[in-house]
Each structure stands twice: as structure tokens, then as C-alpha cells.
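# A closer look at the structure
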Protein chains: 2
Amino acid sequence: MAIIRNTIAKKTVFEIIQLNKTAMSQTEIFAMVNNICDRVTVYRILERLVKEMKIHKIVNVNGVINYAPCNSCEHEQHLHHDHLHFSCTTCKKLTCIADNHIELNIPSNYQVAEVFLTVSGICPNCLIIP
Amino acid sequence: MAIIRNTIAKKTVFEIIQLNKTAMSQTEIFAMVNNICDRVTVYRILERLVKEMKIHKIVNVNGVINYAPCNSCEHEQHLHHDHLHFSCTTCKKLTCIADNHIELNIPSNYQVAEVFLTVSGICPNCLIIP
DNA sequence: TTATAAACGCAACAATGTTGCATAATTGTA
DNA sequence: TACAATTATGCAACATTGTTGCGTTTATAA
Ligand SMILES: [Zn+2]
Ligand SMILES: [Zn+2]
Ligand SMILES: [Zn+2]
Ligand SMILES: [Zn+2]
């Protein structure tokens, strides 16, 4: 039984993710922690926060892993964060959009675990200022 | 007007992708071309094949870009290869699954371009031999 | 056959993520 | 409060994936 510690670095990383309106990459997060810790530590903190289900991990369409807080999960049945993500092709930001329940049509010999639904396009911000 | 050339390397790469049952990463493809060309050339060929709409590009849940042939697009209206992809957590293979038409519920101030739907879980092969 | 632009090889670089190991820090308990 | 146990960190080194510049080669049209 691993004992979870709440270190300054971990608190800081979590706060940064929570306060940001869009999902963030490790690079963006590390740029905001002001050298309170090593970049490897950020990777390890993110790993732990995912395991603790405080944040979720989403891969952007370009292959970069992003992290976002697990706010929207008020209904506890949502173990998997299978809401929709919007990836802006202009500003590259990845935004969590409210749950979209979708009907899948997968052959029964596939065992489904998680659903990743990402839509690319142009976000409201980038549409206003082109 | 760019003239498209059909080189041996390009033909080989395309054949490899076509014959494989699952989507392939650049690393896997390069491992199969038997050093007939440089790895950079493989990247550039893949880029061209995507532009020529002969293959499509899908990012796996771990962030690795994969490529698969555009076979299923017999109905020409499918400009975007918005079918479902299955990502096996055991063998890491990414498989194209027949078109799944889904109803999106995105705020109207987002301009949608492409839809990426990837489901993770265990594929039939890995279920049989656990 | 020749000219031209496309394709290639090579080297170097960049971004992102991982691992091993010695050291530091947190937390429960005495 | 002091201590022990073990979690967390820093640092260096490495791995993987993808990109760029540039000089050379090659496919294709005329
Ligand atoms: Zn945007
Ligand atoms: Zn999300
Ligand atoms: Zn599998
Ligand atoms: Zn596909």
C-alpha cells in the first residue's frame, strides 16, 4: 500500500493544470513551474496524478500527450474520461468538451476499455481573431 | 504542378502498408523495407502518400503516428477518414474498424474539420492467447 | 538524349519521454 | 520531538520519434 505524499511540486503542478482552461503538455506545465523541480519530476508527478485519477491524459492529433483535470466527473459512474476533446489546428490547444455519449459499433470480439473522441478544427478564440 | 514520381522505395512502402492488416508506424515500416532507402526517405514518402490520399494518418493513444491504407473509402464523399480505430493495449496494434457514424454535440462556436475516434482495449488476437 | 524538378542520402538537430542511482524530504510512530 | 521507512527528487545519460539543410541522384517529359 503506497502512501501518497503531497509535495510542493505536486501541488503546484496540479494547480497549474486545474487553473488552465485547456489541456496542457508536459512542456507547457514545466515552463510554468518556475524551476521548483526538475523536468523529470514533472513527468513523474503527472504519472502519479493520472494514477490517482486527479487528471486525465489525452493525446493530441499531432502525437503530443496532454493533461487535463478530472473536473467534469461528478457522476461517479464515469470511470473513463470518455468525453470529447477539441483540438484547434490554429492555436494547437486541446479543450475538454462536455460529455458526448456515442453509440459505438465495434465487433463483439473486441474488448473495449476506453473511448477517445477528438475533433479537430478551429476554436472560438481563433475564429474571432483570424 | 508537382509531378508525382513512382520510385521503388515509394512502391515498396505503399505495398507494405497495404499488405499489413493493422496500421503501421514509421519504425515498423522502415524495419520492413530492408534498407532499400534511408529512414528519412520513409518519412518523406509517408508524407507524400498522405497528401496523395493513398494512406491516412492516425495517432495512437501513446502518441505514435500510424499509417493505414485508404481502402474503405469507396464512397467518395468520405474526404476525411473518420472511421473508428481500435488500439490494443496488449499488442499495441492499431486497427481500422468500419465506419462508425456518430452524432456529435459540439458548441456551435467551434468549427469542426475532422473527427478522430479511437477505442482502446484488447483485440481478438490478444483475447484468445492471454 | 537531355533538361528539369522530384526524390534521395547523410549528417545534424530537435522534441518528447524514460531509466538508474544516489540523495533529500515527508509522514507515521515511538 | 526524534527516528525509521519509503516516497519523491535531481542529475546524467539514454531512447525514440520526427525534422531540416544541402549536395547528389534519378525519374519523367519533351
Ligand atoms: Zn484555437
Ligand atoms: Zn478531457
Ligand atoms: Zn492485441
Ligand atoms: Zn483507419
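Further up the page is the structure itself.
Residues numbered from 1 in each chain as written. Chains lettered and ligands numbered in written order. Predicted model: local features only at pLDDT ≥ 70, side-chain atom pairs only at ≥ 80, totals over all residues. Heavy atoms only, no water.

As a further point, take the relation of the copies chain A and chain B. Related by rotation about an axis and a shift along that axis, the two copies of the chain form a pair. Mapping chain A onto chain B calls for a rotation angle of 179 degrees and an axial translation of 0.1 Å; the resulting RMSD is 0.2 Å. The superposition operator between the copies reduces to a two-fold rotation axis. Both copies present the same face, since 100% of the interface residues in chain A are matched by interface residues at the equivalent positions in chain B. (Least-squares fit on C-alpha atoms with pLDDT ≥ 70 in both. Contact = heavy atoms within 4.5 Å.)

Right, let's talk about the sheet that holds strand E2 (residues 55-59) of chain A for a bit. All names here are of chain A. With respect to topology, 3 strands assemble into an open sheet ordered E1-E3-E2, the strand pairing being antiparallel. Each having just a single partner strand, strand E1 (24-25) and E2 make up the two edges of the open sheet. Relative to strand E3 (residues 65-69), E2 runs antiparallel, the two sharing 5 bridges. What sits directly across from Ile58, in E3, is Asn66. In this fold helix H1 (residues 8-19) packs onto E1, E2 and E3, with an angle of close to 85 degrees to the strand it touches most, E3. Lying on the sheet, helix H3 (residues 39-51) is in contact with E2 and E3; it crosses E2 at an angle near 110 degrees. (Pairing = 2+ DSSP bridges. Helix = DSSP H or I, 4+ residues; strand = E, 2+ residues; numbered from the N terminus. Axes fitted to C-alpha atoms, helices over the stretch in contact; angles between N-to-C directions.)

By themselves, these figures tell us nothing about what the structure is for.
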